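Chain residues, written in single-letter form:
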Amino acid sequence: MLNYVIKRLLGLIPTLLIVAVLVFLFVHLLPGDPARLIAGPEADATVIELVRKQLGLDQPLYRQFWHYITSVVQGDFGTSMVSRRPVSEEIASRFMPTFWLTLASMAWAVLFGLMAGIVAAVWRNRWPDRLGMALAVTGISFPAFALGMLLMQIFSVELGWLPTVGADSWRHYILPSLTLGAAVAAVMARFTRASFVDVLNEDYMRTARAKGVSGEVGDPQARSA
């Protein structure tokens, strides 16, 4: 088990390196000059050039990339151009709200996904199955930003039950966690249904039903098997 984990972690290194290269090149392909943005719109060419040298933007791309990689390995992600604070501090201040939001989203997704998938498999080809799969397709197809706006309009604006911003209490996590977990719950419901249907059609299940064990609700033919 330990060897497997080590191999998987080592396998992440090439992936992370490729992602770092792509992000680095993508940032440099974006229009605009970061030095001019930091110096301000009224700065002259001399000030902009000083800022560019300070940021290391006057160096070749390979040197900039090497400096970027070595700094990241040491835990230095640079300074935010907006807040002028270290990026590591910006990430740390938002880590716990993001962590709790991720846990809440996965909890909703697992709960609703498993329940919908099991109900759809047991009552397959009947209205609970059709309703559950229709909701699953809707959850996959509906954009997350549109679902979030719809939930805010209903539960925050119209009903006034839940807040829209902040992370001070558990009530602040309900709407965003539902929004983020909807697509995952839909995918999990479809996979759970397919897995349960395969299990219900196994030979040992048919043997159990032939010996008198009651079959699933949604398949009358299975009962008479």
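In this text the structure is predicted, and so the values were computed from the model without any measurement.

Conventions used here
Residues numbered from 1 in each chain as written. Predicted model: local features only at pLDDT ≥ 70, side-chain atom pairs only at ≥ 80, totals over all residues. Heavy atoms only, no water. Helix = DSSP H or I, 4+ residues; strand = E, 2+ residues; numbered from the N terminus. Expected span 1.5 Å × (residues − 1). Bend = angle between axes of the 7 residues up to and from the residue. Buried < 20%, exposed > 50% of the residue type's maximum accessible area, 1.4 Å probe, protein only. Domains from an automatic or database assignment. UniProt positions renumbered as here; feature names shortened; annotations may be inferred. Salt bridge = Lys/Arg side-chain N within 4 Å of Asp/Glu carboxyl O. Phe/Tyr/Trp six-rings, centres within 6.5 Å; stacked < 30°, edge-to-face > 60°.

**Quick notes on helix α5 (residues 87-122)**
Here is step 1: For α5, spanning 36 residues, the distance from its first C-alpha to its last is 50 Å, which sits close to the expected 52 Å at 1.5 Å a residue.
Here is step 2: A bend of about 40° at F95 is the largest found in α5, and the proline P97 appears one to four places after it.
Here is step 3: The set of residues buried in α5 consists of E90, L101, S105, A109, G113, G117, A120 and A121.

**A word on the domain arrangement of the protein**
Here is step 1: As far as domains go, the protein holds domain 1 (9-76) and domain 2 (91-211).
Here is step 2: Measuring from the centre of the C-alpha atoms in domain 1 to the corresponding centre in domain 2 gives 40 Å.

**Here we look at the UniProt feature "transmembrane region" (unreviewed entry) in the protein**
Here is step 1: The UniProt record annotates "transmembrane region" (unreviewed entry) at residues 9-30, 99-123, 135-155 and 170-189.
Here is step 2: End-to-end, the C-alpha atoms of residues 9-30 are 32 Å apart, and along that stretch the chain is 95% helix and 0% strand.
Here is step 3: In this annotation, residues 99-123 is assigned 96% helix and 0% strand; the end-to-end C-alpha distance for the span is 36 Å.

**As for the pattern of salt bridges**
Here is step 1: Tallying each qualifying case throughout the model produces one salt bridge.
Here is step 2: Between R94 and E90 there is a salt bridge, and its shortest N-O distance comes to 2.6 Å. Of the two residues, R94 and E90 are both situated in helix α5; the distance of four residues between them amounts to about one turn of the helix.

**A few points about the packing of aromatic side chains**
Here is step 1: Per the stated rule, a full pass over the model turns up seven aromatic pairs.
Here is step 2: Ring plane angle 15° and centroid distance 6.2 Å describe the contact between F95 and F99, whose orientation is recorded as stacked. With F95 and F99 both in helix α5, this residue pair falls four residues apart, about one helical turn.
Here is step 3: The class of F99 is partly exposed, set by a relative accessible area of 35%.
Here is step 4: For the pair W108 and F112, a centre-to-centre distance of 5.2 Å together with 15° between the ring planes defines the contact as stacked.

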